[in-house]
4 protein chains.
Amino acid sequence: MRSQAKLRGIYTPNIVPLDSRGEIHERELRRYVDWLIAKGVHGLYPNGSTGEFTRFTAEERVRIMEIICDQVQGRVPVLAGAAEANVKETIRACETYYELGAAAVAIVAPYYYKLSPRAVYAYFKEIADHTPIDVTLYNIPMFASPIDVPTVQRLAEECPKIIGIKDSSGDLPHMIRMIQAVRPRRPDFSFLTGWDAALMPMLLIGCDGGTNASSGVVPELLVKLYDLTLAERLDEARELQYEIVTLFDAMIYTAEFPDGFRTAVRLRGFDTGAGRQPLTPDQQAELSKLAHKLQCLLAQHGFTDEPAGGCAAAGPADDDIARIVNAVVAELKQRGLG
Amino acid sequence: MRSQAKLRGIYTPNIVPLDSRGEIHERELRRYVDWLIAKGVHGLYPNGSTGEFTRFTAEERVRIMEIICDQVQGRVPVLAGAAEANVKETIRACETYYELGAAAVAIVAPYYYKLSPRAVYAYFKEIADHTPIDVTLYNIPMFASPIDVPTVQRLAEECPKIIGIKDSSGDLPHMIRMIQAVRPRRPDFSFLTGWDAALMPMLLIGCDGGTNASSGVVPELLVKLYDLTLAERLDEARELQYEIVTLFDAMIYTAEFPDGFRTAVRLRGFDTGAGRQPLTPDQQAELSKLAHKLQCLLAQHGFTDEPAGGCAAAGPADDDIARIVNAVVAELKQRGLG
Amino acid sequence: MRSQAKLRGIYTPNIVPLDSRGEIHERELRRYVDWLIAKGVHGLYPNGSTGEFTRFTAEERVRIMEIICDQVQGRVPVLAGAAEANVKETIRACETYYELGAAAVAIVAPYYYKLSPRAVYAYFKEIADHTPIDVTLYNIPMFASPIDVPTVQRLAEECPKIIGIKDSSGDLPHMIRMIQAVRPRRPDFSFLTGWDAALMPMLLIGCDGGTNASSGVVPELLVKLYDLTLAERLDEARELQYEIVTLFDAMIYTAEFPDGFRTAVRLRGFDTGAGRQPLTPDQQAELSKLAHKLQCLLAQHGFTDEPAGGCAAAGPADDDIARIVNAVVAELKQRGLG
Amino acid sequence: MRSQAKLRGIYTPNIVPLDSRGEIHERELRRYVDWLIAKGVHGLYPNGSTGEFTRFTAEERVRIMEIICDQVQGRVPVLAGAAEANVKETIRACETYYELGAAAVAIVAPYYYKLSPRAVYAYFKEIADHTPIDVTLYNIPMFASPIDVPTVQRLAEECPKIIGIKDSSGDLPHMIRMIQAVRPRRPDFSFLTGWDAALMPMLLIGCDGGTNASSGVVPELLVKLYDLTLAERLDEARELQYEIVTLFDAMIYTAEFPDGFRTAVRLRGFDTGAGRQPLTPDQQAELSKLAHKLQCLLAQHGFTDEPAGGCAAAGPADDDIARIVNAVVAELKQRGLG
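Remember, it's a predicted structure, so these values are computed and weren't measured experimentally.

### Concerning the confidence of the model for chain A
All names here are of chain A.
Right, so step 1: Considering every residue of chain A, the mean pLDDT works out to 93; 91% of them sit at 70 or more.
Right, so step 2: In this model, residues 334-338 is a region of pLDDT below 50 whose contacts with residues beyond four sequence positions or in other chains number 13 contacts.
Right, so step 3: What the predictor reports for the complex is a pTM of 0.94 with an ipTM of 0.93.

### Considering the sheet that holds strand S3 (residues 79-81) of chain A
Residues and elements named next belong to chain A.
Right, so step 1: Spatially, the 8 strands line up as an open sheet ordered S2-S1-S8-S7-S6-S5-S4-S3, and their pairing is parallel. Only two strands of the sheet have a single neighbouring strand rather than two, namely strand S2 (43-44) and S3.
Right, so step 2: As paired elements, strand S5 (residues 135-139) and strand S6 (residues 162-167) share 5 bridges and run parallel to each other. Considered in S6, the bridge of Thr 136 is made with Gly 164.
Right, so step 3: Against the sheet, helix H6 (residues 172-182) contacts S5, S6 and strand S7 (190-193), and its axis sits at roughly 170° relative to S7.

### A look at the packing of aromatic side chains
Right, so step 1: Taken as a whole and assessed by the stated rule, the structure comprises 68 aromatic pairs over all chains.
Right, so step 2: Residues Tyr111(B) and Tyr112(C) carry aromatic rings whose centres are separated by 5.0 Å and whose planes lie at 65° to one another, so their mutual orientation is edge-to-face. Of the two residues, Tyr111(B) is situated in the loop between strand S4 (104-108) and helix H4 (117-128) and Tyr112(C) in the loop between strand S4 (104-108) and helix H4 (117-128); the pairing between them involves two chains.
Right, so step 3: Both rings, one in Phe143(B) and one in Phe257(B), keep their centres 6.3 Å apart while their planes meet at 45°; by these two values the pair is tilted. Residue Phe143(B) is found in the loop between strand S5 (135-139) and helix H5 (149-158), and its partner Phe257(B) is found in the loop between helix H9 (234-253) and helix H10 (259-267); the two are separated by 114 residues along the sequence.
Right, so step 4: For Phe143(B), a relative accessible area of 8% corresponds to the buried category.
Right, so step 5: On the basis of relative accessibility, which here comes to 16%, the residue Phe257(B) falls in the buried class.
Right, so step 6: By the ring-pair criterion, three or more aromatic residues cluster together here, those being Phe53(A), Tyr111(A), Phe143(A), Trp195(A), Phe248(A), Phe257(A), Phe261(A), Tyr112(D) and Tyr113(D).

### A closer look at the state of the cysteines
Residues and elements named next belong to chain A.
Right, so step 1: Scanning the model with the defined rule gives 4 disulfides over all chains in all.
Right, so step 2: The partner cysteine of Cys 296 in its disulfide is Cys 311, sulfur to sulfur 1.8 Å. Taking the sign of the S-S torsion, -90° for the link of Cys 296 and Cys 311, the bridge is left-handed. Highlighted residues: Cys 296 in helix H11 (residues 281-300) and Cys 311 in the loop between H11 and helix H12 (316-334), separated in sequence by 15 residues.
Right, so step 3: Given a relative accessible area of 12%, Cys 296 falls into the buried group.

### Comments concerning the pairing of strand S7 (residues 190-193) of chain B
All names here are of chain B.
Right, so step 1: Burial along S7 is two-sided: the face carrying Ser 190 and Leu 192 and the face carrying Phe 191 and Thr 193 are both buried.
Right, so step 2: Direction of pairing for strand S6 (residues 162-167) relative to S7: parallel, over a ladder of 4 bridges. Looking at S7, one finds that Ile 165 is bridged to Phe 191.
Right, so step 3: Crossover handedness for the path S6 to helix H6 (residues 172-182) to S7: right-handed.
Right, so step 4: Pairing geometry for S7 and strand S8 (residues 209-211), over 2 bridges, is parallel. Bridge pairing in S8 places Thr 193 opposite Gly 210.
Right, so step 5: Handedness of the S7-helix H7 (residues 199-204)-S8 crossover: right-handed.

### Let's talk about the relation of the copies chain D and chain A
In this structure, two copies of a chain are linked by a rotation about an axis accompanied by a shift along it.
Right, so step 1: The operation relating chain D to chain A is a screw motion whose rotation component is 180°, with 0.0 Å of axial translation and a residual RMSD of 0.0 Å. This pairing of chains is accounted for by a two-fold axis. Within chain D, the C-alpha atom positioned nearest to the axis of rotation is that of Tyr112(D), 3.2 Å from it.
Right, so step 2: An overlap of 100% is found between the interface residues of chain D and their copies at the interface of chain A, pointing to a shared contact surface.

### Some points on the interface of chain D and chain A
Right, so step 1: At the interface, 46 residues of chain D touch 46 residues of chain A.
Right, so step 2: Counting each side, the surface lost to burial between chain D and chain A is near 3600 Å², with a carbon and sulfur contribution of 54%.
Right, so step 3: Taken together, the links from chain D to chain A amount to 6 salt bridges.
Right, so step 4: The closest approach of N and O atoms between Arg118(A) and Asp282(D), which form a salt bridge, is 4.0 Å.

### Quick notes on the packing of helix H9 (residues 234-253) of chain D against helix H11 (residues 281-300) of chain D
Residues and elements named next belong to chain D.
Right, so step 1: Between H9 and H11, whose axes approach to 11 Å, the crossing angle comes to 165°. When the interaxial angle is binned, H9 and H11 end up roughly antiparallel. Considering only the axes of H9 and H11, their crossing is left-handed. Within the contact between the two elements, H9 uses Thr 246, Leu 247, Ala 250 and Met 251 and H11 uses Leu 290, Leu 294, Leu 297 and Leu 298.
Right, so step 2: Here the residues of the contact of H9 with H11 sort into 7 nonpolar, 1 polar and no charged.

### Some remarks on the UniProt feature "active site" (unreviewed entry) in chain A
Right, so step 1: When the UniProt feature table is mapped to this numbering, "active site" (unreviewed entry) covers Tyr138(A) and Lys166(A). These annotated residues cover 29 residues of sequence, but their C-alpha atoms sit close together, with the largest distance between any two at 4.8 Å.
Right, so step 2: Take Tyr138(A): its relative accessible area is 3%, and that puts it in the buried class.
Right, so step 3: Excluding its chain neighbours within four sequence positions, the residues that come into contact with Tyr138(A) are Tyr45(A), Ser49(A), Ile107(A), Val108(A), Ala109(A), Ile147(A), Lys166(A), Ser168(A) and Tyr112(D).
Right, so step 4: A distance of 2.8 Å separates polar atoms of two side chains, one belonging to Tyr138(A) and the other to Ser49(A).
Right, so step 5: Residue position: Lys166(A) is located in strand S6.
Right, so step 6: Looking at Lys166(A), the relative accessible area reads 5%, which means it is buried.
Right, so step 7: Dropping the residues within four chain positions of it, Lys166(A) is found in contact with Tyr45(A), Thr136(A), Leu137(A), Tyr138(A), Asn139(A), Leu192(A), Gly194(A) and Thr211(A).

### Some remarks on the environment of Pro110(D)
Residues and elements named next belong to chain D.
Right, so step 1: In this fold, Pro 110 is placed in the loop between strand S4 (104-108) and helix H4 (117-128).
Right, so step 2: For Pro 110, a relative accessible area of 9% translates into the label buried.
Right, so step 3: Considered as a pair, Pro 110 and Ala 83 are 27 residues apart in the sequence and their alpha carbons are 8.3 Å apart.

### Topic: helix H9 (residues 234-253) of chain A
Right, so step 1: Here H9(A) is 20 residues long and its end C-alpha atoms lie 27 Å apart, about the 28 Å a rise of 1.5 Å per residue gives.
Right, so step 2: With respect to burial, H9(A) is a largely interior element, 14 of its 20 residues being buried.

### Focus on the interface of chain A and chain B
Bring the parts together and some accessible area is lost; that lost area is often taken as the interface size.
Right, so step 1: Counting residues at the interface gives 36 residues for chain A, matched by 36 residues for chain B.
Right, so step 2: Along the contact surface separating chain A from chain B lie 2 salt bridges.
Right, so step 3: Its salt-bridge partner being Asp249(B), residue Arg177(A) comes within 2.5 Å of it at the nearest N-O pair.
Right, so step 4: For the pair chain A and chain B, the interface holds 10 residue pairs in polar contact (both at pLDDT 80 or more).
Right, so step 5: Mapped onto the side of chain A that touches chain B, the elements with two or more residues apiece are helix H5 (149-158), H6, helix H7 (199-204), H9 and H12 of chain A.
Right, so step 6: Per-element accounting of the side of chain A that touches chain B gives the leading share, 9 residues, to H9(A).
Right, so step 7: Looking at the side of chain A that touches chain B, its residues break down into 19 nonpolar, 9 polar and 8 charged.

### Structural notes on helix H8 (residues 219-230) of chain B
All names here are of chain B.
Right, so step 1: Over its 12 residues, H8 runs 17 Å from end to end, which matches the ideal 16 Å to within 8%, given 1.5 Å per residue.
Right, so step 2: Taken across its 12 residues, H8 has 9 buried, putting it largely inside the fold.
Right, so step 3: Turning to H8, its buried residues number three or more, namely Pro 219, Glu 220, Leu 221, Leu 222, Val 223, Leu 225, Tyr 226, Leu 228 and Thr 229.
Right, so step 4: Residues of H8 that are buried make contact with strand S1 (9-12), helix H1 (26-38), H7, S8 and H9.
Right, so step 5: Glu 232 sits one or two positions beyond H8 and adopts a positive phi of about 55°.

### Remarks on the pattern of salt bridges
Right, so step 1: Applying the stated criterion to the full structure yields 108 salt bridges over all chains.
Right, so step 2: Notably, a salt bridge pairs Glu52(B) with Arg55(B), separated by 2.7 Å at the nearest N-O pair.
Right, so step 3: Between Arg262(C) and Glu52(C) there is a salt bridge, and its shortest N-O distance comes to 2.8 Å. With Arg262(C) in helix H10 (residues 259-267) and Glu52(C) in the loop between strand S2 (43-44) and helix H2 (58-72), this residue pair connects regions lying 210 residues apart in the sequence.
Right, so step 4: Given the relative accessible area of 2%, Arg262(C) is considered buried.
Right, so step 5: Taken together, the shared-partner salt bridges in this structure form one network comprising Glu26(A), Arg30(A), Arg63(A), Glu66(A) and Asp70(A).

### Considerations on unusual backbone geometry
Right, so step 1: With an omega dihedral of 0°, the bond running from Phe257(B) to Pro258(B) counts as a cis peptide bond.
Right, so step 2: The phi angle at Glu52(A) is positive, at roughly 55°, despite the residue not being glycine.
Right, so step 3: One non-glycine residue with positive phi stands out, namely Tyr112(D), at about 70°.
Right, so step 4: Its relative accessible area of 1% is what places Tyr112(D) among the buried residues.

So, how was this worked out
- Residues numbered from 1 in each chain as written.
- Chains lettered and ligands numbered in written order.
- Predicted model: local features only at pLDDT ≥ 70, side-chain atom pairs only at ≥ 80, totals over all residues.
- Heavy atoms only, no water.
- pLDDT = per-residue confidence, 0-100.
- Contact = heavy atoms within 4.5 Å.
- Pairing = 2+ DSSP bridges.
- Helix = DSSP H or I, 4+ residues; strand = E, 2+ residues; numbered from the N terminus.
- Axes fitted to C-alpha atoms, helices over the stretch in contact; angles between N-to-C directions.
- Phe/Tyr/Trp six-rings, centres within 6.5 Å; stacked < 30°, edge-to-face > 60°.
- Buried < 20%, exposed > 50% of the residue type's maximum accessible area, 1.4 Å probe, protein only.
- Disulfide = S-S within 2.5 Å.
- Right-handed = clockwise from strand over helix to strand, strands pointing away.
- Least-squares fit on C-alpha atoms with pLDDT ≥ 70 in both.
- Buried area = accessible area lost by both parts, 1.4 Å probe.
- Salt bridge = Lys/Arg side-chain N within 4 Å of Asp/Glu carboxyl O.
- Parallel < 35°, antiparallel > 145°, perpendicular 65-115°, else oblique.
- Left-handed = near helix turned anticlockwise from the far one by under 90°.
- Nonpolar A, V, L, I, M, F, W, Y, C, P; charged D, E, K, R; others polar.
- UniProt positions renumbered as here; feature names shortened; annotations may be inferred.
- Polar contact = N/O pair within 3.5 Å; in protein donor to acceptor, adjacent residues only side chain to side chain.
- Expected span 1.5 Å × (residues − 1).

Right, here's the structure in full:
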């Protein structure tokens, strides 16, 4: 499905199930895609940060897109992560994903090296001038060179092929500034937030939707939060946003990203396999504890049974989680990443 | 007026007018207080960061409070900034401000040294155990040791004298986490945001009000934004929030803090004088340019006349402002301060 | 003693002993001053960061200087910390310390608010134009507004009253850049490092000395390191520098600053009392553990007896210390403070 | 040449000349390798950060190594950058580079995602357990997950295949702490600094050498600084270190990394081509100005002629450079990157 319409709603940045050898588990990936669509997400976003695009080879990234586009069969738009080693390779990926039927691509700003705003501009301009497919900018300053407001504005004004931005900073005033700078002259431009813990207020101040890792775990809740917020049922939306913060914090801060999400997707019935980043035995044990905690959270919503042994009222495990979340949030904040 | 009720609404962290010798300009301060109350702010907050408490002597801080409490005469509650050199002096200030009739004090976490969460806890616990007056915690991680969520929770649970927190981080998920941790057991606890650029979404996710420097310049607009948001008139609120972001950015990012606010208050008709921090001739010239720009912004709302020469459509001056705002925001973000 | 000569050698930023009521313990302070001079330090530096100038009142800061100048009686130069609430108060402190016989003052850049380089320049320029006493800039970016290289250069060129800089960043290339920018036109300008863990390499690349908190604990070792380095006895100097890193890390990273130094001075035989910043019971217990560890380190150098129970080979306590040091160093590094 | 000996001396992290189509310029790369060896560098280090390993495809990285190993023919050891998308691919690269005759590989900590110390440990442990070739850790916290001291210590103790660390933090006390933690039990372990501006003091406190981008431009100077320092000719070494800071700052801070180095290598007579990261016309013009400045600096050492028009005494161009350097250094410092 080629999207002519503005990107809106909840896009799932899906993880990739791996088999016991660490290879792409095609059957589970297809089954997972079907389930996400059945649960109502508005689009898919493979090869994003949650999709661990940097841990796959260039060939594997194409293979993931082939499987997903083939399985989706146009039921929902696919926003394809297309960042490669350099501009030439990235443009080639754009062409490939265009052929495969992606609605648009999302391209993260250059990473590893921290580039200046001008170089970030030049990078996206070069791509926009040569891509056959619409491009969504992807700003994730905790991992990649930041895309600042004047750069977004300039690209939006000069490049019709650039049709939106996914911003994972979670910074409300920053989102307001971007919308102020861009929307008057590009009303078609999409603003998507990648920060699940601020989805409701982001929508209320003008965002068009989100690409939220939590929607790969509890698609029902994210879609519901989106609907409640748009319907201005604020009390219900606020309550649900709070619950999503609890779940999101547990998944994002208590394991190496995105292992918390991989673990949670397993609890929804998919054989996600182990991630490609090695873990210490300590870390593996903690992932098991996290799985128990997440199962209790999911059981509260009726998405799973309680784990064997049950979920006693907030006990030491919860305190552990809360303590770890706090420590990690504090550290990230210090780094300017939170 | 001794506040028994929960702190709510818009508190103005007022600047202090200075005379030509750099001394407290009592007459203008009294006139300014009357004006703020007439414009509808719900409370005053002297000796905060906008009030430059660190640039006055201990004796001057008391004098500022005396003038304000005498002038307010109980018409609105006064939240008194009470941080002093050490715990003993701070408790003494609490006693003084209690005698003067403050509703509560606000105490910033220890600054200069960056203290650990445990030391921040011990500092507030010692004060809370010995103060005659209610205490609001003041979290401003860009200037002082951060007060993290578990510390807020522990203090809220152990110290009935601690009745709220003013948080200037502008971080929505952080506010949600604090409210989740504290409100169930302390429904009386107040959550105030000090970040004007996020006031509307902060109120929508559960904050009780704000201590916003912009309310010292455009009290009408901040009170209106508060009212519109509580009335769930979301489209009008959003539009107003956007305008406040533009104004706030111009005041906070284009001059040394809080000179932008001091300059803007002058445009509302008060002889605010020059700040105590010396400026280079360059900086003084830029303040004049900023005054012109602010006058145009205020004139759009009918709060002032246009400056001599008028406000042509966004010209080089605007671009300058936008460029500077962006540079400063980017830098602060990098420091984890934005 | 009025210093006409360039500041050189090891200056001790002394802590202030407090009595059981938390007041300045004059007798111990005098005894401590005599001891430091007897051990060979080249100067004293009261009311610095180690001296907790922000935790004393303005009157107490003057009293500390009176006691020290009276006790020193010109035997060594006194570099007086003179930062006050604003420029006017700071200039008044300069006058007072001039009268008391200080060799020079050291003034930290404005703190709490983070000022731009131009405002930092304007602040020091204003002071330099009105002070009767020579001024040393004090750059400590982890606590105060940074003083960047062009600002140091400009102040050095325009202000003969500014005669040096104390830099606590620990950043070698930064020190090289400052020396390159200033020394050609101001060969009299002093460069002192406040970062004990880099004293030897700092001296080797051109520094004139240090104001090192460790010299308040082990003045013998810091003076010895200074002498060995100037004599180019590099192998001995390197070995001693390593030992000082171990001691410094234990004092600076395992307690709230400067409690580790306060604790260590007590082990050298002074009744230093408890600091003014409240601590939790946990933190007090950790300080006791730290005292044991420090006593072992000092005993290795023959400065104290071993603690009761002895110092078994590196056991759990040591691991604790190492773990804490590492965690704190990592966190500070993330904040750009390390 | 398979290195059995400890890594020592100056390794050049070489850039890769590109032809007019942006492809590897094999002939120039071979000529450049010969020149570097002739100028006396002790080893080569392809596919490092200066070598822009992330901007080449996996196939190109292998091709670069093939060319270099073939051209070197064992004259100096080759330390091969071997980081790939995941552990499995990285181990495969280790095997390939072993076959090609590399002395060792250097592997940067995982980047993009910011991993915890335990995950960094697990990553290197997994590689060390399966690599046929010796491994040097590569710590570059400004670009990748940091490798902290306990992690280095643990890996050094558990993994005989890990034989050294390249650290680009430029942090002297950090280097001291690593050497203290590792050298007693692994006297064979190499410590190399990647921070050219601190090479002399790093060597003086115990480093074994450096992998310095400047050595790709002025190999003569870096080798001379290494020799002077080891010979303890401190005054000459200091003077040379200062000159290298000036040159290094100009190359690293006034263009997108590593374009300043690419530009400077061209001035030594190699057709380096344009980098793969697109630049704006502004940035290209600035690179031309930088080339003029660098030519003047190189001409001072007799490495090139002066540019057409000559090098007048420090003019506006120099001030520009100094201003930009300062701005960038300040910004990086704020990010904790400097």
